[in-house]
Amino acid sequence: MKKFTRILCVIFAILTAVPLMTSCSKEIESTPVNVNDFRITAYVVGDTCKDLESFESGHIETVTDVIFFGKADFNEQGEITLADDFELCLGNIKKVMADYPDKKLYLNILGPSSQSESDDWYEQMDDQGERHNNAFKSGKLEGNIKSVLEKYGFDGIFFDYEFPIKKKYWKEYNRFIVSLDRVLGNDFEIGMSMVDWDLNKQSQEAMAATDRIEVMSYDNWDDDGNHATFELAKDNIEKFVKAGYDKAKLDLGVPFYARPTTGEAYWYEYKAYYDKFDENGLYKDDSQSKLTFSFNTYDVIKQKTDWAISEGLGGMMVWHWACDTESTNEKSLFAAMKESKTNAIEKSSAK
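Read on for an overview of the structure. (Residues numbered from 1 in each chain as written. Predicted model: local features only at pLDDT ≥ 70, side-chain atom pairs only at ≥ 80, totals over all residues. Heavy atoms only, no water.)

Structural notes on the overall build of the protein
- Across its full length, the protein holds 9 helices and 14 strands.
- Each of the three principal axes of the protein carries a C-alpha extent, and together these read 85 × 50 × 50 Å.
- A total of 351 residues make up the protein; the buried ones form 48% of that total.
- Taking all contacts inside the protein whose residues are at least 6 apart in sequence as the whole, residues at least 24 apart take part in 73%.
- Accessible surface for the protein amounts to roughly 17600 Å². Of this, 49% is attributable to carbon and sulfur atoms.
- Taking the average place of the 41 positive charges on the side chains of the protein and the average place of its 62 negative ones, the gap between the two points comes to 7 Å. (Helix = DSSP H or I, 4+ residues; strand = E, 2+ residues; numbered from the N terminus. Buried < 20%, exposed > 50% of the residue type's maximum accessible area, 1.4 Å probe, protein only. Contact = heavy atoms within 4.5 Å. Areas by Shrake-Rupley, 256 points an atom, 1.4 Å probe, with all protein chains shown as cover. Lys, Arg positive; Asp, Glu negative; His and termini not counted. Charge placed at Lys NZ, Arg CZ, Asp CG, Glu CD.)

Encoded structure:
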């Protein structure tokens, strides 16, 4: 009898565990994405468009959304600080976009940096988190952001806050995003860059209030030292989907730069090496660093874009615009994205 009872207990435990296990995934049904609306979003670092003569403007034909980066900050008091050359650089990127009124322009805004004198990374991030929380609690940041967006004609705001290391920082960040959404209403979008270690930290309310997620699928390596591979990109996106993010909100981020296979703190622009690396995207720098750079090639970027379209993602994201070759170069990485999107549109139209 005891043996039979134990068997029943085991069966009951298994049956009970099944719904528990299936409930671990928060995956939701995605909003359908028309391939014609598939985004190709590029970060433009403000300093790179300070001089329009050296800025490769031809990529605007491919890019659908621009995120203007590096020229706006907010402080602990919730005040917005714009760089002295903010209007110059913004004016230049607006000139590039002038003939394309349907393309969207967003402002990326950075928060207060750590002022900790400690060499410990966690202590630095803890200090940074406290300073962000002060800004989020100020009650001023929401209105100040709206004023800047209205004054300069942006379509929305993007945040790049990757390292809130404690729950209390995420709690305040989430509360702020929901509050900002109420202030901005339907007039402006809210977006943010995220990495997979941030998953399950956004509240359901903050997730709903966030219109766009730029998935930073780079600065990561496989076991062989290859940087930002297709397999890693798929894995990153699948984690976001399982965490409950609508695919239509997700842009797959890709690097237009290389990192060493050793993971050291070096970055190499694609445009300087596009004709030097091998078929696997590897280039050995024998003259200076002695390191091997790992690039995403034209074929890898096209493979990622093909997959993103087939999976129903909202789009692709590029860090960053100025790292690519000239738009007339057949090895341009933006051209790889354009080829994928064009092929998908033609295939869809033929059905």
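A short note on the pairing of strand β14 (residues 315-319)
- For β14, the buried fraction is high: 4 of the 5 residues fall into the buried class.
- With 4 bridges connecting them, strand β1 (residues 39-45) and β14 associate as parallel partners. The partner of R39 across the bridge, within β14, is G315.
- Inspection of the sheet shows strand β9 (residues 250-255) paired to β14 by 5 bridges, in the parallel sense. Bridging from a neighbouring strand, D251 pairs with G315 of β14. (Pairing = 2+ DSSP bridges.)

A few points about the sheet that holds strand β11 (residues 268-269)
- What the 4 strands build is an open sheet, ordered β11-β10-β13-β12; its pairing is antiparallel. Every other strand in the sheet has two partners, leaving β11 and β12 (282-284) as the edge strands with one partner each.
- As defined by bridge partners, strand β10 (residues 257-260) adjoins strand β13 (residues 292-294) across 2 bridges and the pair is classed as antiparallel. Bridge assignment links R259 to a residue of β13, and that residue is S294.

Some thoughts on the packing of aromatic side chains
- For the structure on display, the rule yields 34 aromatic pairs.
- Both rings, one in Y43 and one in F69, keep their centres 6.0 Å apart while their planes meet at 80°; by these two values the pair is edge-to-face. Taken together, the residues Y43 in strand β1 and F69 in strand β2 (residues 65-69) connect sequence positions 26 residues apart.
- Relative to Y173, the ring of F136 has its centre 5.5 Å away and its plane inclined at 15°; by these criteria the two rings are stacked. Of the two residues, F136 is situated in helix α3 (residues 121-137) and Y173 in helix α5 (residues 167-184); the sequence distance between them amounts to 37 residues.
- According to the relative accessible area criterion, F136 is buried, its value standing at 1%.
- With relative accessibility at 2%, the residue Y173 sits in the buried group.
- An aromatic cluster is present here, built from Y266, Y268, Y270, Y273, Y274, F277, Y283, F293 and F295 joined pairwise through their rings. (Phe/Tyr/Trp six-rings, centres within 6.5 Å; stacked < 30°, edge-to-face > 60°.)

What about the packing of helix α4 (residues 141-152) against α5?
- Here α4 crosses α5 at 45°, and the two axes come no closer than 9 Å. The angle between α4 and α5 places the two elements in the oblique class. With respect to the hand of their crossing, α4 and α5 are arranged in right-handed fashion. Contacts between α4 and α5 involve L141, E142, I145, K146 and L149 on the former and, on the latter, R175, F176, S179, L180, V183 and L184.
- For the contact of α4 with α5, the class distribution of residues is 7 nonpolar, 1 polar and 3 charged. (Axes fitted to C-alpha atoms, helices over the stretch in contact; angles between N-to-C directions. Parallel < 35°, antiparallel > 145°, perpendicular 65-115°, else oblique. Left-handed = near helix turned anticlockwise from the far one by under 90°. Nonpolar A, V, L, I, M, F, W, Y, C, P; charged D, E, K, R; others polar.)

Describing the pairing of β1
- For β1, the buried fraction is high: 7 of the 7 residues fall into the buried class.
- Every second residue of β1 is oriented toward a common face, with R39, T41, Y43 and V45 on one face and I40, A42 and V44 on the other, all of them buried.

Let's talk about the packing of α3 against α5
- Put simply, α3 and α5 touch, their axes get as near as 9 Å, and they point 30° apart. Here α3 is positioned roughly parallel relative to α5, judged by the angle of their axes. You can see that α3 and α5 cross each other, and the crossing is left-handed. Along the contact surface, α3 presents D126, G129, E130, N133, F136 and K137, while α5 presents K168, Y169, E172, Y173, R175 and F176.
- When the residues that make up the contact of α3 with α5 are grouped by side-chain class, the tally is 4 nonpolar, 2 polar and 6 charged.

A closer look at α4
- Spanning 12 residues, α4 covers 17 Å between terminal C-alpha atoms, matching the ideal 16 Å at 1.5 Å per step.
- Those residues of α4 that fall on the buried side of the exposure criterion are L141, E142, I145, V148, L149 and Y152. Each buried residue of α4 sits inside an arc of 130° when the element is viewed along its axis, so together they form one side.
- Once α4 finishes, G153 follows within two positions and takes phi at roughly 70°, a positive value. (Expected span 1.5 Å × (residues − 1). Arc of directions from axis to C-beta.)

Description of the layout of surface pockets
- Of the pockets and cavities examined, the largest pocket occupies roughly 450 Å³.
- For the lining of the largest pocket, the secondary structure elements donating two or more residues are β7 (189-194), α7 (230-242), β11 and β14.
- Roughly 320 Å³ of internal volume is contained in the second largest pocket.
- Lining the second largest pocket are 16 residues, with L110, Q128, H132, D160 and Y161 sitting closest to its centre.
- When residues of the lining of the second largest pocket are assigned to their parent elements, the largest contribution, 4 residues, is made by α3.
- Tallied by class, the residues present in the lining of the second largest pocket amount to 9 nonpolar, 5 polar and 2 charged. (1 Å grid on protein atoms, 1.4 Å probe; cavity = no way out; pocket = protein on both sides within 12 Å on 5 of 7 lines; lining within 4 Å. Points joined across faces, edges and corners; volume = space filled by probe spheres on them.)

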